[in-house]
Each structure stands twice: as C-alpha cells, then as structure tokens.
Amino acid sequence: MGFQTPQQPLKELLPRIARGEIQLPDFQRGYVWDEERIRSLLVTLAHGHPLGVVMTLQTGNDQVRFKPRLIEGVDEESADVDPALLVLDGQQRLTSLSQALWGDGVIDTQDARRKVVQRRFFFDIVQAVKDPHNLDEAVKSLPGDGVLRENFDRDIVLDVSTRDKQLEHGYFPVNLAYRDSGTDWLFGYADGDVARTFLNTVLTPMKSYTIPSIELDRQTTKEAVATVFEKVNQGGMKLTVFELLTAKFAGDADYYRATGTDFRLKDDWDSTAEVIGKYPVLQGLDETEFLQAVMLLASNRNHRATTARKDDILSLRLSDYLDWADEVRKAMVWVAGFLAAEHIHIDGDVPYPTQLVPLAALRVLMGEDIDIHGIRSRVRQWYWCGVLGELYSSATETRMARDVEQVPAWARGEERAAVPRTVEDANFVESRLHSLKTRNAAAYKGINALLMAHDTKDWLHHQPFDRAHYVELAVDIHHIFPKKWCLAHDIDPELRESIVNKTPLARKTNQLVGGVSPADYMRKLDARAKITTDELDAIVAAHQVDVAALRAGDFERFFTHRREALLGLVESAMGKRAARDIDQDSLDGGAESSDAFVPEPDDPVDNAEYGVTG
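Conventions we followed
- Residues numbered from 1 in each chain as written.
- Predicted model: local features only at pLDDT ≥ 70, side-chain atom pairs only at ≥ 80, totals over all residues.
- Heavy atoms only, no water.
- Helix = DSSP H or I, 4+ residues; strand = E, 2+ residues; numbered from the N terminus.
- Rg over C-alpha atoms; globule rule 2.2 N^0.38 Å.
- Buried < 20%, exposed > 50% of the residue type's maximum accessible area, 1.4 Å probe, protein only.
- Contact = heavy atoms within 4.5 Å.
- Areas by Shrake-Rupley, 256 points an atom, 1.4 Å probe, with all protein chains shown as cover.
- Lys, Arg positive; Asp, Glu negative; His and termini not counted.
- Charge placed at Lys NZ, Arg CZ, Asp CG, Glu CD.
- Expected span 1.5 Å × (residues − 1).
- Axes fitted to C-alpha atoms, helices over the stretch in contact; angles between N-to-C directions.
- Parallel < 35°, antiparallel > 145°, perpendicular 65-115°, else oblique.
- Nonpolar A, V, L, I, M, F, W, Y, C, P; charged D, E, K, R; others polar.
- Pairing = 2+ DSSP bridges.
- Salt bridge = Lys/Arg side-chain N within 4 Å of Asp/Glu carboxyl O.
- Polar contact = N/O pair within 3.5 Å; in protein donor to acceptor, adjacent residues only side chain to side chain.
- pLDDT = per-residue confidence, 0-100.
- Core = buried A, V, L, I, M, F, W, Y, C linked by side-chain atoms within 4.5 Å.

Helix and strand counts for the protein come out as 28 helices and 15 strands. Taking 2.2 N^0.38 as the reference for a compact globule, 614 residues should give roughly 25 Å; the C-alpha atoms of the protein span a radius of gyration of 32 Å, well beyond that estimate. By principal-axis analysis of the C-alpha atoms, the protein measures approximately 95 × 65 × 45 Å. Across the 614 residues of the protein, 53% fall into the buried class. In the protein, the proportion of contacts linking residues at least 24 apart, taken out of those at least 6 apart, comes to 72%. Accessible surface for the protein amounts to roughly 27400 Å². Of this, 48% is attributable to carbon and sulfur atoms. Between the centroid of the 72 positive side chains of the protein and the centroid of its 98 negative side chains there is a distance of 1 Å.

This part takes up helix 20 (residues 442-453). Two residues of an α-helix separated by three or four positions point the same way, owing to the 3.6 residues in each turn. Spanning twelve residues, helix 20 covers 17 Å between terminal C-alpha atoms, matching the ideal 16 Å at 1.5 Å per step. Taken as a whole, helix 20 has its buried residues at Ala 442, Ala 443, Tyr 444, Lys 445, Gly 446, Ile 447, Asn 448, Ala 449, Leu 450, Leu 451 and Met 452. Positive backbone phi, approximately 55 degrees, marks Asp 455, located one or two places after helix 20.

Below, the discussion takes up the packing of helix 20 against helix 28 (residues 555-574). Contact pair helix 20 / helix 28: the axes reach a minimum separation of 10 Å and the direction vectors enclose 90 degrees. In terms of orientation, helix 20 lies roughly perpendicular with respect to helix 28. Side by side, helix 20 and helix 28 meet where Ile 447, Leu 450 and Leu 451 of the first sit next to Arg 562, Leu 566, Leu 569, Val 570 and Ala 573 of the second. Residues that form the contact of helix 20 with helix 28 fall into these classes: seven nonpolar, no polar and one charged.

Topologically, Glu 215 is positioned in strand 13 (residues 210-216). Residues Glu 215 and Phe 3, spaced 212 residues apart in sequence, show a C-alpha to C-alpha distance of 5.3 Å. Other than its neighbours up to four places away in sequence, Glu 215 contacts Gly 2, Phe 3, Gln 4, Pro 6, Gln 8, Thr 56, Gln 58 and Leu 85.

Quick look at the pairing of strand 13 now. As judged from the two bridges shared by strand 1 (residues 3-4) and strand 13, these two strands associate in the antiparallel manner. For Gln 4, the partnering residue across the bridge sits in strand 13 and is Glu 215. Inspection of the sheet shows strand 2 (residues 7-9) paired to strand 13 by three bridges, in the antiparallel sense. By the bridge assignment for strand 13, Pro 9 is matched with Thr 210. Sheet topology note: the strand 4 (residues 54-58)/strand 13 ladder contains four bridges and is parallel. Counted as the bridge partner of Met 55 is Ile 214 from strand 13.

Mapped onto the fold, Arg 120 is located in strand 8 (residues 116-124). Within the buried core, Arg 120 has no salt-bridge partner, and the shortest N-O distance to an opposite charge, that of Asp 104, equals 6.7 Å. In terms of polar contacts, Arg 120 uses its side chain to reach the backbone carbonyl oxygen of Asp 104, at 3.4 Å. Contact partners of Arg 120, with chain neighbours within four places excluded, come to Asp 104, Gly 105, Val 106, Lys 140, Ser 141, Leu 142, Pro 143, Gly 144, Gln 166, Pro 173 and Asn 175.

Before going further, it helps to spend a moment on the confidence of the model for the protein. In the predicted model, the protein carries a mean pLDDT of 88, and the fraction of residues at 70 or more is 91%. Per-residue pLDDT stays below 50 along residues 591-614; that stretch engages in 54 contacts with residues further than four places along the chain or on separate chains.

Judged by how many residues are buried, helix 9 (residues 241-249) sits mostly within the fold: nine of nine residues are covered. Val 241, Phe 242, Glu 243, Leu 244, Leu 245, Thr 246, Ala 247, Lys 248 and Phe 249 are the residues of helix 9 that are buried.

Positive phi values are uncommon outside glycine, yet Asp 153 reaches one of about 70 degrees. With respect to the helices and strands, the residue Asp 153 is situated in the loop between strand 10 (147-150) and strand 11 (155-159). With phi around 65 degrees, Arg 416 is a residue other than glycine that occupies positive phi space. As for its placement among the helices and strands, Arg 416 is situated in the loop between helix 17 (396-411) and helix 18 (421-425). Residue Arg 416 is classed as exposed on the basis of its relative accessible area, which comes to 76%.

Within the element layout of this structure, Asn 151 appears in the loop between strand 10 and strand 11. A polar contact of 3.1 Å, which involves the side chain of Asn 151, links it to the side chain of Asp 155.

Let us now look at the pairing of strand 3 (residues 22-25). Note that strand 3 and strand 6 (residues 85-89) share two bridges and pair parallel. Of the residues in strand 6, the one forming a bridge with Ile 22 is Leu 85. Note: strand 3 against strand 5 (residues 68-69), two bridges, orientation antiparallel. Each residue of the ladder has a partner; that of Leu 24, found in strand 5, is Arg 69.

With 111 residues, the main nonpolar core has Tyr 321, Trp 382, Leu 388 and Phe 428 as its most contacted residues. A total of twelve residues in this core trace back to one element, the largest contributor, which is helix 14 (residues 318-341). Apart from the residues within four sequence positions on either side, Leu 388 is in contact with Asn 427, Phe 428, Ala 443, Ile 447, Leu 450, Val 570, Ala 573 and Met 574. Ranked by size, the runner-up nonpolar core spans 50 residues in total, among them Leu 24, Tyr 178, Trp 185 and Ile 211.

Following this line, the structure appears as structure tokens:
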C-alpha cells in the first residue's frame with residue numbers, strides 16, 4: 001500500500017467537490033451534522049485552527065471498486081467528471097464545508113431540537129473586526145432564506161435575504177469567501193476601512209487554508225482498505241459492521257472474475273428489506289442482525305467456533321455470504337410465521353429481536369424438520385425459556401452461538417444430546433409477576449402473547465387475537481381492575497400496575513370498562529355483548545380470571561387466583577417449574593427466602609398504555 005500526505009488547499013478542494021472529482025463510496029452514511037456543529041467548524045476554519053486529517057483513496061483500483069456517489073449538496077448537472085478520489089474519512093467535515101462555502105450556501109441540517117431545518121451562515125463584519133481573536137460571536141447561523149423571525153414567525157427581527165440588505169446590516173455570506181464575488185461584495189460595504197480590515201484579517205487567511213490529508217494510491221489492496229476502515233471506525237462517527245463489510249466486499253477479485261461486475265452489499269440488503277417489509281413483526285430487524293444470522297451459519301458449517309460477534313463478522317468471506325444470505329431471507333419468512341403462531345404480531349411486541357437471529361439460523365440448519373410436531377415443541381420451549389428467563393438481554397452474541405450449536409440435536413431428540421444452556425439456565429420466580437409493569441420487559445410481552453394464544457377472545461367483540469383482529473381491534477394491554485378504581489381503593493401500586501392486573505383488550509372494550517369497579521362494568525358488558533351471562537363469563541375466564549371475584553369486585557381474591565394462573569402459563573411454556581417465593585396468604589409480595597429473584601427496576605409507567613379511561 002502506497003500513500004501520499006499532501007496539504008490540500010481548501011480553495012482547490014471546494015471546486016473539485018463541486019465538479020465531482022471528489023466523491024464518496026456509496027456505502028457511507030448520509031450527512032448528519034447539526035447546525036451548531038457546522039457553525040463551530042466554520043469558526044475553527046476562520047481562526048486557522050486545524051480541522052483534522054482527511055483520508056482519500058485514488059480510484060482506478062482493480063481490487064477496490066467502490067460505487068461512487070456525489071457528496072451531498074453537489075448539483076448533479078454540474079458534476080460532469082468521474083471521481084479521482086473517494087473520501088474514506090472526513091465525509092461530514094467536507095460535506096459541511098462544501099455546502100456552506102460553495103453554491104448558494106444553504107444547508108439542510110438539524111437544529112438543537114433535532115428538527116430538520118435549512119440554514120445559511122454569515123460573518124457579522126463589525127463583530128469580526130472588533131475582536132478577530134474571538135470569531136465565535138461573529139459567525140452567525142440564520143434560516144436558509146436569510147430572514148430571522150420571532151413570535152411564531154410573525155415578526156421579522158433580521159432580514160439579510162438580498163445583497164443590499166446584507167450590506168446594510170454588515171452580514172457577509174460565507175459562501176462568497178472563496179469566490180471573487182466576495183471581494184466585489186466588500187467594495188459595496190459603506191465603511192471601507194472596516195471592509196479592508198475584514199478582508200485582511202479574516203478572508204485572506206481563510207483563502208490560504210489547507211487541510212492535511214492521507215491519499216491512498218490505486219495499488220492499495222482491499223484488505224488494507226478494510227483495515228483502514230476499522231482504524232477509522234475507532235473514533236468520530238463510527239461506521240457500522242454493515243458499512244465496514246460493504247467496504248470489504250466491494251471489488252472482491254473472485255466475484256469480479258466470475259461475474260464481470262462488483263458486489264454491492266447495499267443492493268443485496270434491498271432484497272432483504274423487501275422481505276422484511278412484508279411482515280410488520282420483523283420491522284425491528286436491521287442489517288447487522290441479518291449479518292449475524294449469516295455469520296452463525298457460515299462459522300457453523302466451516303467447523304470453526306460458531307460465532308455472531310460483530311467483530312468476527314468482519315472476517316466473513318463474500319463466498320460464505322452468498323451461500324447463506326438467500327437461505328436466511330427464506331428463514332425470515334418462517335420466523336414471521338412462528339411468531340404469528342405465538343400471537344406476536346408487530347415488532348413492538350417482539351420480546352427480544354436479537355433472539356430472532358438464532359431462530360432464523362435454526363430454521364436454515366434444521367430445514368423442514370423444524371416443523372415436525374415434537375421438534376417444533378422443543379424449539380418453542382427453547383424460545384420461551386429465552387423470553388421468560390430473560391436471557392437475551394445481555395451477552396447475546398455468545399448465547400446465539402451456543403444455541404445454534406446445541407438446539408438442533410436436542411430438539412431432534414438425538415442420543416446424548418445436551419440440554420441447551422438457554423433451557424437449562426432459564427428460571428422464573430413468582431415475585432417477578434409483581435415487578436412486570438410495562439412492555440419494556442421481554443417477559444411482560446411474552447406473558448401477554450401467551451395469554452392471547454390461550455384461546456382468549458375480546459370480551460365485547462368475541463374475536464380471537466389473531467394477526468388480522470389484533471390490528472383491526474387496536475388491541476393493547478389494559479387494566480382489569482381499572483387504575484382509577486385502584487387509586488380510589490388504595491391498592492398497592494406494585495399490584496395495581498403488575499401484569500397480573502393486565503390483559504389484552506380491544507380499544508372499544510377498554511373504553512366501555514372505563515374506571516369503575518369490575519362489578520359495575522361486568523353488568524355493562526352483559527348488556528352490550530348481547531350474549532348470556534354464562535357465555536360472557538366463559539370468555540372472561542379464558543383470560544385466566546376468576547370471574548366470581550371480578551363480579552364481586554374482590555381484588556385480593558382476583559389477584560391471588562390470577563397470579564397462580566399466569567404462573568401456570570409460564571411453567572407450561574418453559575417446560576419447568578417456577579420458584580414460589582411469595583407468602584400465599586398475603587399480597588405484600590414478601591419473599592420466603594433471601595434467595596428470591598430481585599428484578600431490575602422497570603422504566604416509569606407510561607399512562608398512555610392504559611387506554612382512554614382505564
């Protein structure tokens with residue numbers, strides 16, 4: 001690998017970027033800097049302070065053929081040449097400078113509230129001349145049209161939208177700093193002495209500004225470029241594993257010889273995104289998780305240590321990726337069906353998106369055998385042990401790899417197959433039902449899904465919670481003893497907000513329930529449902545509810561019964577007993593031993609979760 005370290009004059013870089021001589025590899029992320037960061041960059045430039053090193057790669061490399069794209073803000077019609085250099089490091093800085101200092105100077109960026117805005121930058125000439133050693137106050141960020149407004153845009157505070165108004169207020173547009181028209185602009189300024197001082201102390205030094213760079217030559221190998229990206233990735237705006245792997249795959253020599261073209265990982269991801277886009281439950285999956293599934297399969301087949309570590313993904317060969325990517329895409333369709341069968345219908349209800357990675361890999365490894373009744377039952381047990389044992393919240397890469405190695409033989413019932421660690425490690429403690437209060441917890445989402453899958457229907461509409469009705473009825477998790485009633489009767493908040501006092505209901509059903517005692521709203525349901533009391537009681541009872549306690553408004557009896565019933569669902573799904581650690585004669589949640597599970601505190605309760613009135 002050869003390289004040069006030229007000092008690039010900014011006055012030459014700007015027109016080269018505008019002509020398209022300097023571009024970006026297509027996998028680089030979009031422009032993300034906010035207006036204050038851009039303004040600070042311009043202050044640094046005006047002071048002549050270093051902006052850091054820029055790294056570029058010469059094009060025409062037989063081994064590394066990145067697909068180029070223009071730096072954001074460059075006019076496609078003006079960029080009439082093929083790129084000579086591609087920016088490997090320094091994208092955000094060069095994009096900021098080229099947009100602010102060239103063309104019309106208007107930048108699409110974000111304000112302090114992350115709102116997308118247009119901004120244009122100016123020098124306050126008087127302020128700059130007054131204190132040239134402190135230009136922070138002199139560099140101004142204004143709306144893209146040059147008009148600053150207040151009072152909900154009704155009052156104009158400053159208008160520098162035209163050359164005459166800029167001259168009147170002494171606001172010099174920074175996009176003229178590197179153009180001859182900038183000097184002409186200063187000739188029109190009323191105070192000639194101030195204009196000359198500004199030209200000599202600010203603009204002239206800016207025009208001689210240079211940016212140090214490292215320019216990799218066209219003999220640089222793809223391995224060297226990948227190494228460069230990894231080093232660059234240690235600071236600043238970190239590149240993702242997907243972006244780094246895109247860099248590695250681009251220009252793969254074997255692929256080019258076989259196909260006569262270069263492999264574009266971004267284009268291939270579009271095929272994956274199309275598959276994922278058809279299933280709302282998969283919307284939370286991203287590029288890295290897809291690559292993890294591919295890596296699990298590639299490392300497993302190659303008899304290396306099975307791995308899903310993000311760092312190890314960078315060693316993935318393009319040939320391995322091509323072998324497994326289509327298989328993982330097909331497996332994702334199966335994963336969506338598996339989740340639907342478990343009554344998990346949208347991505348927000350998926351307990352652990354990370355657990356879908358080994359689930360997809362297992363479908364590929366086990367093929368159609370995974371749907372054989374006994375095998376699927378064990379795969380389902382493994383899945384629910386991961387969810388209810390809350391085992392996919394940390395150290396997930398190690399667990400993914402171990403599960404892919406251990407689950408297939410165990411699920412098939414092979415002789416001497418070890419029980420997977422996820423099944424072995426999983427445990428559930430009774431008192432955890434008290435602390436599961438919001439959907440932030442995987443076990444909370446899991447128990448809700450188990451309830452919907454247990455032949456439950458909406459109380460008012462008598463519709464099952466399958467995928468179609470779940471969306472149509474706007475189903476959510478709502479209080480059984482309404483929050484308003486619980487507050488009025490001094491019910492312990494731990495019990496009131498517990499999953500034990502929650503169940504899936506349609507929005508209209510929750511509105512009918514309101515904030516009254518169950519004894520009252522059950523009578524309303526009797527009248528509205530247009531079915532017999534016995535029929536309604538059977539529907540409500542399927543939610544693991546003691547209907548007699550509900551109709552009597554007896555919270556204690558209701559809670560004790562339902563806690564035990566939910567524990568039964570958990571035990572059935574996990575295939576093992578839960579630990580009882582609560583005094584069954586009280587509702588204080590007191591554990592029987594010091595070894596009781598102590599949950600992590602939930603996030604603050606979101607009242608929007610409780611529906612309109614509950």
